[in-house]
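Inside the fold
What follows is each chain in one-letter form.
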Number of protein chains: 2
Amino acid sequence: MEKGQHIATAFDRDLETIEALLARMGGLVEVAIMDAIRALETRDAELAAAVRQGDKAIDALEQQIDAEAARLIALRAPAAADLRTVLAAMKIAAALERCGDYAKNLAKRSTVLAALPAIEGGAGSIRRMGDAVRLQMKNVLDAFIRRDAVLAERVRQDDHDIDQMYNTLFREFLTYMMEDPRAISACMHLHFIAKNIERMGDHVTSIAEQVIYLVTGALPDDERPKADHTSQPPDAQPQGGIWQSTP
Amino acid sequence: MEKGQHIATAFDRDLETIEALLARMGGLVEVAIMDAIRALETRDAELAAAVRQGDKAIDALEQQIDAEAARLIALRAPAAADLRTVLAAMKIAAALERCGDYAKNLAKRSTVLAALPAIEGGAGSIRRMGDAVRLQMKNVLDAFIRRDAVLAERVRQDDHDIDQMYNTLFREFLTYMMEDPRAISACMHLHFIAKNIERMGDHVTSIAEQVIYLVTGALPDDERPKADHTSQPPDAQPQGGIWQSTP
């Protein structure tokens, strides 16, 4: 059901509370990603520490969303379509929490990397990946709030670009490592960071699929064009939508 | 509320259906991990392909559990404590689904590794990590079914061992790579596999924390003794239980 098609109810107001919390959570995660990458580029240990500390607030928001969702379900006994929306909000919060964890991990590694020789161009490539995933995250949350399946589908398709960036980086780092064994440690950490950003992209995609399912009632039926070829690769593969057999 | 404290209701029967699905899902994931690692050790491309194919059944079970849970909530309007149990079951299914994805990824990498020079002792160390995480997974699902907080706490503490195994492997692979650049590609993939098993351990821990919260009503308040020191590391860090402010 599209928002606005029915008269605002107590359920709608409760749902708006949850949506506002999700928007805040998304904002915090975007900032965490940006700051973690800046800490990596500028070797700023203090900023990295702030990102690590800030993850607690993101975790707390997920718990708050779960609590609000459980309260809403218990109090309002929502009908099937509304219940799906609430459960989707919980899934989206869980995906954002994982992205926050990845940002925290990135900040930790930036501290380790600061003690290792710099890899030319490494931080810049990471930043471009990070910028791309932040934009995707912003768009997919907009798509959820507006129940915009077209935007969600675009986000889903655009994940391809992030996968491509990751593939390029993987090959680049492998080459560096082979050329210079002293670069191995730093490249391993940079590579992990790239992989974690690629995984954030997968979580964003899974949010996009939740939105598409909520709006259209159907999952996108093509397999998402998955483009990590480093190893016939990764799999933070979103498992698509849910509740297909819900009455 | 402990199972058995109240007379069996329609809710209980529905919940048992969900628990049976979870048990089946856990069994499939355990087998997927075991087979993926065997495929790695024996360079068995057919077995690896079967694991990749089998992940669809695991994903389908998660969708079925979500659907059953949504149906149960809509039909039975469970009270707060029962609602928490249902939502916990959904979270556990999501954690198992991730573990299944990691097993699928492992199988994919085993195919790539089959074309690369073997790393002495690599597959054996991976197998020991895999065995450890499978045992943990079995125990934590038992803990959920029996609402056994003591067992769940033991699982939570034992994750330390898997983290230690990962740390050892990380250093080992780094050494190999520095000694012999021809080993770099294979070590990168093996290292990814080790990391993914370590992440499965984190998901198992997050299930353990759900169980502890369900049974005792409180989250374990000590930070889990996290022992991946490769980089002040990883973070698939479970975010603890949920619904703390639920009425």
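Okay, so let's go over this structure. No experiment lies behind these values; they were computed from the predicted model shown.

The next subject is the packing of helix α1 (residues 10-42) of chain B against helix α2 (residues 45-76) of chain B. Residue and element names in this part refer to chain B. One way to put it is that α1 packs onto α2 with a least axis distance of 9 Å and a crossing angle of 165°. Between α1 and α2, the angle falls in the class roughly antiparallel. Both α1 and α2 take part in a crossing whose hand is left-handed. Looking at the contact of α1 with α2, its residues break down into 21 nonpolar, two polar and eight charged.

The backbone phi angle of Arg147(A) is positive, close to 50°, even though this residue is not glycine. Even without being a glycine, Arg43(B) presents a positive backbone phi close to 50°. Assignment of secondary structure puts Arg43(B) in the loop between α1 and α2.

A word on the packing of aromatic side chains. Describing an aromatic ring pair means giving the distance of the ring centres and the angle of the ring planes. By the definition in use, this model includes three aromatic pairs over all chains. Look at Phe192(A) and Phe192(B): their rings are 5.8 Å apart centre to centre, the planes differ by 65°, and that puts the pair in the edge-to-face class. Of the two residues, Phe192(A) is situated in helix α6 (residues 184-216) and Phe192(B) in helix α6 (residues 184-216); the pairing between them involves two chains. When the ring centre of Phe144(B) is taken as origin, the NZ or CZ atom of Arg147(B), which lies over that ring, is 4.7 Å away.

For α1(B), built from 33 residues, the straight-helix expectation of 48 Å at 1.5 Å per residue is met to within 8% by its first-to-last C-alpha distance of 48 Å. Just beyond α1(B), the residue with positive phi is Arg43(B), at close to 50°.

With that settled, consider the nonpolar core. Residues Leu96(A), Ile126(A), Leu96(B) and Ile126(B) are the most contacted members of the largest nonpolar core, which totals 150 residues. Each residue touching Ile126(B), except ones within four places of it in the same chain, is listed here: Ile37(B), Leu40(B), Leu169(B), Leu190(B), Ile193(B), Ala194(B) and Ile197(B).

Moving on: the environment of Ile92(A). Residue and element names in this part refer to chain A. Tracing the sequence through the fold places Ile92 in helix α3 (residues 80-113). Separated by 116 residues in the primary sequence, Ile92 and Ala208 have C-alpha atoms spaced 9.3 Å apart. In contact with Ile92, not counting residues within four places along its chain, are Leu22, Leu141, Phe144 and Ile207.

Criteria and thresholds
- Residues numbered from 1 in each chain as written.
- Chains lettered and ligands numbered in written order.
- Predicted model: local features only at pLDDT ≥ 70, side-chain atom pairs only at ≥ 80, totals over all residues.
- Heavy atoms only, no water.
- Axes fitted to C-alpha atoms, helices over the stretch in contact; angles between N-to-C directions.
- Helix = DSSP H or I, 4+ residues; strand = E, 2+ residues; numbered from the N terminus.
- Parallel < 35°, antiparallel > 145°, perpendicular 65-115°, else oblique.
- Left-handed = near helix turned anticlockwise from the far one by under 90°.
- Nonpolar A, V, L, I, M, F, W, Y, C, P; charged D, E, K, R; others polar.
- Phe/Tyr/Trp six-rings, centres within 6.5 Å; stacked < 30°, edge-to-face > 60°.
- Lys NZ or Arg CZ within 6 Å of the ring centre and 35° of its normal.
- Expected span 1.5 Å × (residues − 1).
- Core = buried A, V, L, I, M, F, W, Y, C linked by side-chain atoms within 4.5 Å.
- Buried < 20%, exposed > 50% of the residue type's maximum accessible area, 1.4 Å probe, protein only.
- Contact = heavy atoms within 4.5 Å.

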